[in-house]
Amino acid sequence: MKEVKYSKIYRIIHWAIAVSFVLLLLTIFLRLTWLNKFNVAAIIQEYLSDTDQILTQEQLIVLAKKIRQPMWNWHIYIGYVLVGLFSIRFVLPALGHMKFQNPFSNTLSLKEKFQKWIYIIFYVCVIISLVTGLIIVLGPKDLKKPMEEIHILSIYYLLAFIVIHFAGILIAEFTDQKGIISRIVSGTKDKN
Ligand code: HEM
């Protein structure tokens, strides 16, 4: 298999997207665990019951969401950053960088076709996440609920992609693409 060289622009976009996804995952992790609204509501309730004060479950959830909001705002900021980064990523092929490869090409092996399809499926899923995320925040109220139902499914493909991506890189590094990890970090000669 021929050795792929990663240009500076390729590496900058790759790592900017990777870091953004890690931070985005952190916000999702916090929302699903420590800052889960039911957990926080239970903590408030426990405290109030010791002081003979009572709030309804609805009021507790409102408070819990308010406590979580400053953290969750970061999900939205990082979401906007990803909208910007993916917009650049999708424009780059037109400028001769980070070209998309055709998975239908007859010259590709089965393994390479699989690789290209994984990227295409990932990009389609990311576009769906970004668009539904933007509609939840900026779109009309009546679309909020259906968009949320689609958007929250993002975690499944994201985790699946991360596992496949890491496994693929490790397999490549230890088989026919020795040095791929150092090339995506420090690059060698610039190429598209
Ligand atoms: C590829 C990018 C994105 C991924 C993978 C992603 C992933 C997720 C996930 C998994 C959740 C659900 C968390 C939970 O179950 O508690 C979520 C919720 C949310 N996301 Fe994103 N997100 C992305 C981009 C965005 C963008 C661009 C925005 C808006 C600018 C956004 C706004 C929101 C909002 C407002 C919620 C809360 C929805 C609710 O209340 O149920 N997200 N996101």
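A brief structural summary. Since we're looking at a predicted model, the values are computed, not measured.

**Things to note about the overall build of the protein chain**
(1) Moving on: What the protein chain contains, in helices and strands, is seven helices and zero strands.
(2) Moving on: Sequence-ordered secondary structure for the protein chain, helices as α and strands as β, is α-α-α-α-α-α-α.
(3) Moving on: For 192 residues, the compact-globule estimate of 2.2 N^0.38 gives 16 Å, and the protein chain exceeds it by more than 25% at 21 Å.
(4) Moving on: Overall, the protein chain is about 70 × 35 × 30 Å in size when its C-alpha atoms are taken along their principal axes.

**Points about the packing of helix α2 (residues 37-50) against helix α3 (residues 57-91)**
(1) Moving on: Remark: α2 packs on α3, axes separated minimally by 8 Å, with the N-to-C direction vectors making an angle of 115°. The orientation of α2 relative to α3 falls into the category roughly perpendicular. Once α2 is placed against α3, the crossing between them reads as right-handed. Counted together, K37, V40, A41, I44 and Q45 of α2 and L60, I61, L63, A64, K65, I67 and R68 of α3 form the full contact between these two elements.
(2) Moving on: Tallied by class, residues from the contact of α2 with α3 come to eight nonpolar, one polar and three charged.

**With respect to α2**
(1) Moving on: The terminal C-alpha atoms of α2 lie 20 Å apart, and with 14 residues this matches the ideal 20 Å at 1.5 Å per residue to within 8%.
(2) Moving on: A positive phi of about 60° marks D52, the residue just after α2.

**Some remarks on the site of the ligand**
(1) Moving on: Near the ligand lie 23 residues; those nearest to it are G79, S129, G133, S154 and I155.
(2) Moving on: Counting residues per element, the ones that place at least two in the shell around the ligand are α1 (8-32), α3, α4 (110-138), α5 (141-151) and α6 (154-174).
(3) Moving on: In terms of residue count, α4 provides more of the shell around the ligand than any other element does, seven residues in total.
(4) Moving on: Of the residues in the shell around the ligand, the class split is 15 nonpolar, six polar and two charged.

What counts, and where the lines are drawn
Residues numbered from 1 in each chain as written. Predicted model: local features only at pLDDT ≥ 70, side-chain atom pairs only at ≥ 80, totals over all residues. Helix = DSSP H or I, 4+ residues; strand = E, 2+ residues; numbered from the N terminus. Rg over C-alpha atoms; globule rule 2.2 N^0.38 Å. Axes fitted to C-alpha atoms, helices over the stretch in contact; angles between N-to-C directions. Parallel < 35°, antiparallel > 145°, perpendicular 65-115°, else oblique. Left-handed = near helix turned anticlockwise from the far one by under 90°. Contact = placed C-beta atoms within 7 Å. Nonpolar A, V, L, I, M, F, W, Y, C, P; charged D, E, K, R; others polar. Expected span 1.5 Å × (residues − 1). Near = placed C-beta within 6 Å.

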